[in-house]
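Chain by chain, the residues run as shown.
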Amino acid sequence: MAFIKGFICHWGDTVLVQQRLLFRSYRLAAYRSRRKFKTERRPFHYVPKGHPVLPPDGKYTTEPLTYIRSGGRDLNGKVVNAKIGGGPKVNWYMRDDHYPEAEETQGLEEKVLRIHPDPIRTAHLALVGTGNHKRYIIAHQNMKEGDIIKTNRDIPTISVRAMEGNSHPLGALPMGTIVHNIEKIPGEGGRVCRAGGASAQVLRKVGDKVILRLPSKHEIALSFNCMATVGQVSNSGHDDIPWKGVGEKMSAGYRPRTGWHHRKTGYHGKKIKPKRTFIVKPTPPKYETYKLSGD
Amino acid sequence: LADDPRFYVPPKGEEKKNYRETPAFLYNRNCRFIEGTKQACFLTKSVRYDGMPESVQQLIDKFEVPDESRLVQKAILKSQIWDSTREKLPKRRDPEYPRYKIDREYGIPLEKRLNMLSFDLLRMADTAIASQYPEIGRSRRLIFYPNGMATFFKYSDSLLSFYLGIDAAITSTSPLPPFVPEELVESSSSEAIPSLYPISPTIDFLKTNNYNLKNSIGFSEISCKFPHTLILLNNDDWSEDERQARALVTAMGLAVAQVKKTYPGIKDRLPTPISVQVINMSETTMNFTYFQLNTIDFDNSEAGVKNFVWFDTGNVLFERRLPQPWKRDKILETSLENLDLDPFKKLLATVGNCAELEDSSTQFKEKLIEL
């Protein structure tokens, strides 16, 4: 058997890929769960709060799955973030952020069956079904049981009247619509604005691209074919409720910080600098290419 | 390396047993209908009525049990308090104060409570009916935990297979007469069933490629082979709507299994309708369903004759208040309150349905034998 030694490198604020030390322990479930967790480029003391145990099939299920908390521990078993630890045992639901395929001009209709809060995420969950398939999606602000939701992949010349809950490509929406669960690359699945109360606004269309304003007041240009759903994400006031004390935070999974004074850097404090102006560069022309056969 | 559990790969569908190429939808006792009775009515192509049918409602005060309230109270206390089993009950969190940690309790588990209460009440009902019609003992049987009920049929280009789970069944030598005369059956073709668009009623079925198709009534080799009533014990925490939907589908499955045996090859309307009764028992409540099968053509939900369903839900025998130790009144023990004897009378009426016919038919048969 070949042992691959792991190494950790730090350059500035980023951490490169970590390879774990093999065969550290032989417990089966822990072994399997740790093999599936890989780190990517992240800030230094970043560790997720936990990860779910996905089914071995890899298929989509609506059943609740177990969620294993990290406790601030890294792949190597050491404490990297001391402010994470504890918390209740919760169920993790597979949420489908991908947009389904729809027929032309007619679209796909789905019915809302149940709405309930998510124990881990800030946005609420909605059970939705068509035909013989059920799935969980993000619930928007004014969703009720019994609503019917449509997805359309057409881009007509006249912009579509945007109803809450329906999903269209960005090229079909009029200017000023509020939108969530946006795709960055068409076909990849929703990435932007999935947290509770988040929403983006469509500003203008320039050439081949659509410009949006994100909740951090950045502007972004995306292609016409990226899908998005109309409306604001549910549970918008979850930030405004203050914590009652340390006990409530501890029972939710946050550990207290030290009382020792730490030096404040440019990261702390209010951000006053204005954002850069947004310029859309034209796409470069595509030259014809020829392949030469080697004789 | 082949036996190392770290590198275990579960077998695919093709390697498991009973693999077929065309997929099928399976129904089980644990299938929870998301739309409830509306979905079940659309599947079975049945028109819905609330309440009991007239032929059963006339029998409510006919059968009497002497010292009714005392015997019912005795049955309840026997199952809830007097029994001597002591097991660890499951953990409990109250929705009123979910962060409070309630102490672990020891007592009688749910299964045993249900079995004792329901079978005690059934026994009392049997004695009450046998006091008036003594020949019923030969024309009826009570079977506990019957096994092997299953059907299958095609539903709009997909195969459905039903495996039914029943806790007790009353069977008789003669079938139940229909609840409704034939004129209303023909006029039902004009009534409409509410549609389920965009959902199909098989959304909660399990789709697999490994299945076995089977059509059988579990108790066909004995003389009493026609089902009279079915008894289901609700061991789950489902809503009343979902329990009634389960009762409907089990009644439909058993009726279809019987039809396929007596009239093989039939596709549309039946010459004589088949009727089945179902009783749903939970800890404190009882639900009744009465189903009448007129057609087997479940594909067309608009055209043709329809089946009939009567639902009677929410009959509460008694209330059971659980302890809430954080309150100032100190509700520290479970308390039983508000006894109501109406559901017991309805139970007598359903179990005693068409007892006259069986009594007279057995007397007639015995007189023939004597001659």
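Residues numbered from 1 in each chain as written. Chains lettered and ligands numbered in written order. Predicted model: local features only at pLDDT ≥ 70, side-chain atom pairs only at ≥ 80, totals over all residues. Heavy atoms only, no water.

K.L.:
Describe the overall build of chain A, listing the residues and the values that go with them.
P.N.:
When helices and strands are counted, chain A shows two helices and 17 strands. Taking the intrachain contacts of chain A between residues at least 6 apart in sequence as the baseline, contacts between residues at least 24 apart amount to 59%. (Helix = DSSP H or I, 4+ residues; strand = E, 2+ residues; numbered from the N terminus. Contact = heavy atoms within 4.5 Å.)

K.L.:
How would you summarise the sheet that holds strand β5 (residues 91–92) of chain A if you had to cite specific residues and measurements?
P.N.:
To summarise the sheet geometry, strands pair through backbone hydrogen bonds and adopt either a parallel or an antiparallel arrangement. All names here are of chain A. Read from one edge to the other, the open sheet built from three strands follows the order β3-β4-β5, with strand pairing classed as antiparallel. Among the strands making up the open sheet, the edge pair consists of β3 (50–52) and β5. As judged from the two bridges shared by strand β4 (residues 65–69) and β5, these two strands associate in the antiparallel manner. Looking at β5, one finds that Thr66 is bridged to Asn91. (Pairing = 2+ DSSP bridges.)

K.L.:
So what about the environment of B:Phe152? Which residues, and what values?
P.N.:
Residue and element names in this part refer to chain B. With respect to the helices and strands, Phe152 occurs in strand β6 (residues 150–154). Look at Phe152 and you get partly exposed, because its relative accessible area is 25%. Placed 64 residues apart in sequence, Phe152 and Ser216 show a C-alpha to C-alpha distance of 9.9 Å. Apart from the residues lying within four places of it in its own chain, the contact partners of Phe152 are Leu160, Ser161, Leu213, Lys214, Asn215 and Lys260. (Buried < 20%, exposed > 50% of the residue type's maximum accessible area, 1.4 Å probe, protein only.)

K.L.:
Before we move on, can you summarise unusual backbone geometry with the specific residues and values?
P.N.:
Here the amide bond leading from B:Tyr197 into B:Pro198 is cis, since omega sits at 0°, within 30 degrees of zero. Looking at where B:Pro198 falls in the secondary structure, it is placed in the loop between α6 (182–187) and β9 (206–210). A positive phi is found at A:Asn235, a non-glycine position, where the angle reads about 60°. Considering the arrangement of structural elements, one finds A:Asn235 in the loop between β17 (227–230) and α2 (246–252). Judged by relative accessible area, which is 28%, A:Asn235 ranks as partly exposed. Residues other than glycine seldom take positive phi values, yet B:Ser156 does so here, at roughly 50°. Relative to the elements of secondary structure, B:Ser156 occurs in the loop between β6 and β7 (159–163).

K.L.:
Could you give an account of the packing of aromatic side chains, with specific residues and numbers?
P.N.:
Residues and elements named next belong to chain B. For the structure on display, the rule yields 19 aromatic pairs over all chains. Judged by centre distance (5.5 Å) and plane angle (55°), the ring pair of Tyr100 and Trp326 falls under tilted. In this pair, Tyr100 is assigned in the loop between β3 (87–88) and β4 (106–107) and Trp326 in the loop between β14 (319–321) and β15 (335–337), connecting sequence segments 226 residues apart. By relative accessible area, which is 24% here, Trp326 ends up partly exposed. On the numbers, 6.1 Å between centres and 45° between planes, the contact of Phe308 with Trp310 is tilted. Overall, the relative accessible area of 7% leaves Trp310 in the buried class. Through a chain of ring-to-ring contacts, the aromatic side chains of Tyr27, Phe33, Phe153, Phe162, Phe205 and Phe298 assemble into a single cluster. Looking at Arg246, its charged tip hangs above the ring of Trp238, at a distance of 4.5 Å from the centre. Taking NZ or CZ as reference, Lys260 lies 4.4 Å from the ring centre of Phe152, over its face. (Phe/Tyr/Trp six-rings, centres within 6.5 Å; stacked < 30°, edge-to-face > 60°. Lys NZ or Arg CZ within 6 Å of the ring centre and 35° of its normal.)

K.L.:
Describe the pattern of salt bridges, naming the residues involved and giving the relevant values.
P.N.:
What the rule picks out here adds up to 26 salt bridges over all chains. Salt-bridge contacts for B:Arg6 lead to B:Asp4; the nearest nitrogen and oxygen are separated by 3.0 Å. By relative accessible area, B:Arg6 is classed as partly exposed at 23%. Because the salt bridges share partners, they merge into one network encompassing A:Arg95, A:Asp97 and A:Arg194. (Salt bridge = Lys/Arg side-chain N within 4 Å of Asp/Glu carboxyl O.)

K.L.:
Which residues make up a nonpolar patch on the surface, and what are the values?
P.N.:
A cluster of nonpolar side chains, contributed by A:Val206, A:Phe278 and A:Val280, occupies part of the molecular surface with about 180 Å² of accessible area. Locating A:Val280 in the fold gives a position in the segment after α2. (Patch = residues over 30% accessible without salt bridge, like charges linked within 9 Å, V, L, I, M, F, W, Y side chains within 5 Å. Areas by Shrake-Rupley, 256 points an atom, 1.4 Å probe, with all protein chains shown as cover.)

K.L.:
Describe the sheet that holds β7(B), and please don't skip the residues or the numbers.
P.N.:
Residues and elements named next belong to chain B. Pairing is mixed across the open sheet formed by four strands, whose spatial order is β6-β7-β1-β9. This sheet does not close on itself; its edge strands, each paired only once, are β6 and β9. The mean inter-strand angle of the sheet, taken between neighbouring strand axes irrespective of direction, is 35°. When β6 meets β7, the two strands line up antiparallel, connected through five bridges. Looking across to β7, one finds that Phe152 is bridged to Ser161. (Axes fitted to C-alpha atoms, helices over the stretch in contact; angles between N-to-C directions.)

K.L.:
Quick one: what's the story with the UniProt feature "domain: Large ribosomal subunit protein uL2 C-terminal" (unreviewed entry) in chain A, residue by residue and with numbers?
P.N.:
Using the residue numbers shown here, the UniProt feature "domain: Large ribosomal subunit protein uL2 C-terminal" (unreviewed entry) corresponds to residues 162–286 of chain A. Helix makes up 6% of residues 162–286 of chain A and strand 26%, whereas the separation of the span's terminal C-alpha atoms amounts to 35 Å. (UniProt positions renumbered as here; feature names shortened; annotations may be inferred.)

K.L.:
Report on the interface of chain A and chain B, specifying residues and quantitative values.
P.N.:
Counting from both sides, the interface comprises 20 residues of chain A and, opposite them, 18 residues of chain B. Summed over both partners, the interface of chain A with chain B comes to about 1,500 Å²; 54% of that surface belongs to carbon and sulfur atoms. When residues of chain A are sorted by the area they lose upon contact with chain B, A:Lys111, A:Asn132 and A:Lys134 head the list and together hold 30% of the total. Here chain A is connected to chain B by two salt bridges. Between B:Glu35 and A:Lys111 there is a salt bridge whose closest N-O contact spans 3.8 Å. In this assembly, chain A and chain B are joined by seven residue pairs in polar contact (both at pLDDT 80 or more). Going through the elements one at a time, α1 (28–35), β6 (108–116), β7 (125–130), β8 (133–138) and α2 of chain A are the ones with two or more residues in the side of chain A that touches chain B. (Buried area = accessible area lost by both parts, 1.4 Å probe. Polar contact = N/O pair within 3.5 Å; in protein donor to acceptor, adjacent residues only side chain to side chain.)

K.L.:
Account for a positive patch on the surface, naming residues and giving values.
P.N.:
Together, A:Lys89, B:Lys88, B:Lys91, B:Arg93, B:Lys101 and B:Arg104 make up a region of like positive charge exposed at the surface. Within the secondary structure, B:Lys88 is located in strand β3. (Lys, Arg positive; Asp, Glu negative; His and termini not counted. Charge placed at Lys NZ, Arg CZ, Asp CG, Glu CD.)

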